[in-house]
Number of protein chains: 2
Amino acid sequence: MVEKIDKQSGRAFILKKNQFLKVIDPLGGQVCDMVLFNAKDTREKISAGKTMDFEESILITKSNFLWSNRSRKMMEIIEDTNGRNDILLAPCSPDTFRIMYNNPEYHPSCFENLYKNLASFNIAPDDVPTAFNIFMNVQFNEKGKLSVLKPLSKAGDFILFKPEFDMIVGLTACSAEDSNGGTFKPIHYEVLDKL
Amino acid sequence: MVEKIDKQSGRAFILKKNQFLKVIDPLGGQVCDMVLFNAKDTREKISAGKTMDFEESILITKSNFLWSNRSRKMMEIIEDTNGRNDILLAPCSPDTFRIMYNNPEYHPSCFENLYKNLASFNIAPDDVPTAFNIFMNVQFNEKGKLSVLKPLSKAGDFILFKPEFDMIVGLTACSAEDSNGGTFKPIHYEVLDKL
């Protein structure tokens, strides 16, 4: 069954070892931040630093694994029809909009949408790690300068994950203007028992 | 007074807001992993993802800031005579040597040297974040492929930090062969009350 994450919101749920997770960009051009925690011990979680270290790459796509802070594989990416994701940048937060967008007003954010949904799993705001930012188009040049561009994903693009153990998954439909080409759209996902 | 960190070891200490920290590569070609925690609340700590986000760069050097997971500036880099550091890769750990070097034997690691020294500040192994890897020479190409090369630092190269508040600092003389040109050398540091 396709689950729908409304624009600028989020969701958290259990994914079992023998299941698969499909994350879909239904309209195109929409980022989804994903965080992962070991369901049996939430102090083990996705680590961007470990993932880039073991995969020897900044760009993570089909056939790469997402790794934990305890140096264990968490997810294998078994399909990625768009192919451009980011694992460098932290989830957008109220501070992002205050500091980078010079906006002191309330603004929805991935950080808030993650920690509010993860609270039911006893995960605190300080425990939210840097996410795997699905469909996010972060470009870098040879001097390391980063630019956040409009996602390259088209309507219906998806990424498919195979978990290595039971985990808690947090997903968002990203709330940042610059990351999503100035618009806010939903994200869809499916938990599949088989392919 | 110059403090000396022996090869393949580490240290943790308090740095006060009005002090400065100078980290020196005394012989050249040696990496130093650095982690930072708010001395008053160790759940606030250095965040690679927040640092790259706010500094809009993979490469962090003079005039950049290191940021916390709570979106606060932690350190300003006010001098950097070498200029090449890394903030992508997690500290080398026993798993690094087992998985990437195919070495199942005991091997000293930055991860162990950080958590053992940080234990006296009630910081647990799971709380050790991705470090700022001073003098580490991680190159990337346009496809995001990462290569760990010999450091470019020469004997006496140093980096100078100005903290924004009181913090706990963990430092290592890195233990990984590939990161240090195949040799293991000491790291020196100084806590200065004025420049």
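Calculation rules
Residues numbered from 1 in each chain as written. Chains lettered and ligands numbered in written order. Predicted model: local features only at pLDDT ≥ 70, side-chain atom pairs only at ≥ 80, totals over all residues. Heavy atoms only, no water. Helix = DSSP H or I, 4+ residues; strand = E, 2+ residues; numbered from the N terminus. Polar contact = N/O pair within 3.5 Å; in protein donor to acceptor, adjacent residues only side chain to side chain. Contact = heavy atoms within 4.5 Å. Least-squares fit on C-alpha atoms with pLDDT ≥ 70 in both. Salt bridge = Lys/Arg side-chain N within 4 Å of Asp/Glu carboxyl O. Nonpolar A, V, L, I, M, F, W, Y, C, P; charged D, E, K, R; others polar. Buried < 20%, exposed > 50% of the residue type's maximum accessible area, 1.4 Å probe, protein only. Pairing = 2+ DSSP bridges. Core = buried A, V, L, I, M, F, W, Y, C linked by side-chain atoms within 4.5 Å. Axes fitted to C-alpha atoms, helices over the stretch in contact; angles between N-to-C directions.

Visitor: Mind laying out the side chain of S71(B), listing which residues take part and the relevant values?
Guide: If you trace the backbone, S71(B) turns up in the loop between β6 (65–67) and β7 (73–80). Within polar-contact distance, the side chain of S71(B) engages the side chain of D95(A) at 3.2 Å. Apart from residues lying up to four places away in sequence, S71(B) is in contact with S93(A), D95(A), R98(A), I99(A), K50(B) and F54(B).

Visitor: Explain the relation of the copies chain A and chain B to me, using residue names and the numbers behind them.
Guide: The operation relating chain A to chain B is a screw motion whose rotation component is 180 degrees, with 0.0 Å of axial translation and a residual RMSD of 0.0 Å. The symmetry that links the two subunits is that of a two-fold axis. Closest approach to the rotation axis within chain A is made by the C-alpha atom of E142(A), at a distance of 3.6 Å. Both copies share a contact surface, since 97% of the interface residues of chain A are interface residues in chain B too.

Visitor: Quick rundown of the interface of chain A and chain B? Include the residues and the values.
Guide: Across the contact, 36 residues belong to chain A and 35 residues belong to chain B. Viewed at the interface, chain B and chain A are joined by eight salt bridges. Residues R70(A) and D126(B) are paired through a salt bridge, measuring 2.6 Å at the closest nitrogen-oxygen approach. Linking chain A with chain B are 18 residue pairs in polar contact (both at pLDDT 80 or more), by the criterion used here. Mapped onto the side of chain A that touches chain B, the elements with two or more residues apiece are α1 (48–55) and α2 (94–99) of chain A. Tallying contributions element by element places α1(A) first for the side of chain A that touches chain B, with five residues. Looking at the side of chain A that touches chain B residue by residue, the class counts come to 14 nonpolar, 10 polar and 12 charged.

Visitor: Can you explain the pairing of strand β13 (residues 187–192) of chain A? Please cite residues and give values.
Guide: Residue and element names in this part refer to chain A. Most of β13 sits out of view: five of its six residues are buried. Relative to β13, strand β1 (residues 3–5) is paired through three bridges, and the arrangement is antiparallel. Bridging across to β13, I5 finds its partner in I187. The pairing of strand β3 (residues 20–25) with β13 spans five bridges and is antiparallel.

Visitor: Let's hear about the nonpolar core: which residues, and what values?
Guide: Core analysis: the biggest nonpolar cluster contains 86 residues, and V23(A), F132(A), F161(A), V23(B), F132(B) and F161(B) have the highest contact counts within it. With sequence-adjacent residues up to four places away left out, F161(B) is seen in contact with F20(B), L21(B), V23(B), M34(B), L66(B), M75(B), E76(B), I77(B), F132(B) and I134(B).

Visitor: Outline helix α3 (residues 110–118) of chain B, supporting the account with residue identities and numerical values.
Guide: Spacing of three or four residues puts side chains on the same side of an α-helix, whose turn is 3.6 residues. Inspection of α3(B) places C110(B), F111(B), E112(B), N113(B), L114(B) and L118(B) among the buried residues, and these make up the whole buried set. Taken together, the buried residues of α3(B) touch β2 (10–15), β4 (32–38), α2 (94–99) and β12 (167–172) of chain B.

Visitor: Please give an account of the sheet that holds β13(A) that cites residues and values.
Guide: Residue and element names in this part refer to chain A. Strand order in the open sheet made by the six strands is β1-β13-β3-β11-β7-β6, with antiparallel pairing throughout. Looking along the sheet, the strands with just one partner apiece sit at the ends: β1 and β6 (65–67). The mean inter-strand angle of the sheet, taken between neighbouring strand axes irrespective of direction, is 25 degrees. Inspection of the sheet shows β3 paired to strand β11 (residues 157–163) by five bridges, in the antiparallel sense. Residue pairing across strands places L21 opposite F161, the latter belonging to β11.

Fair warning: the whole summary comes from geometry, so function is off the table for now.
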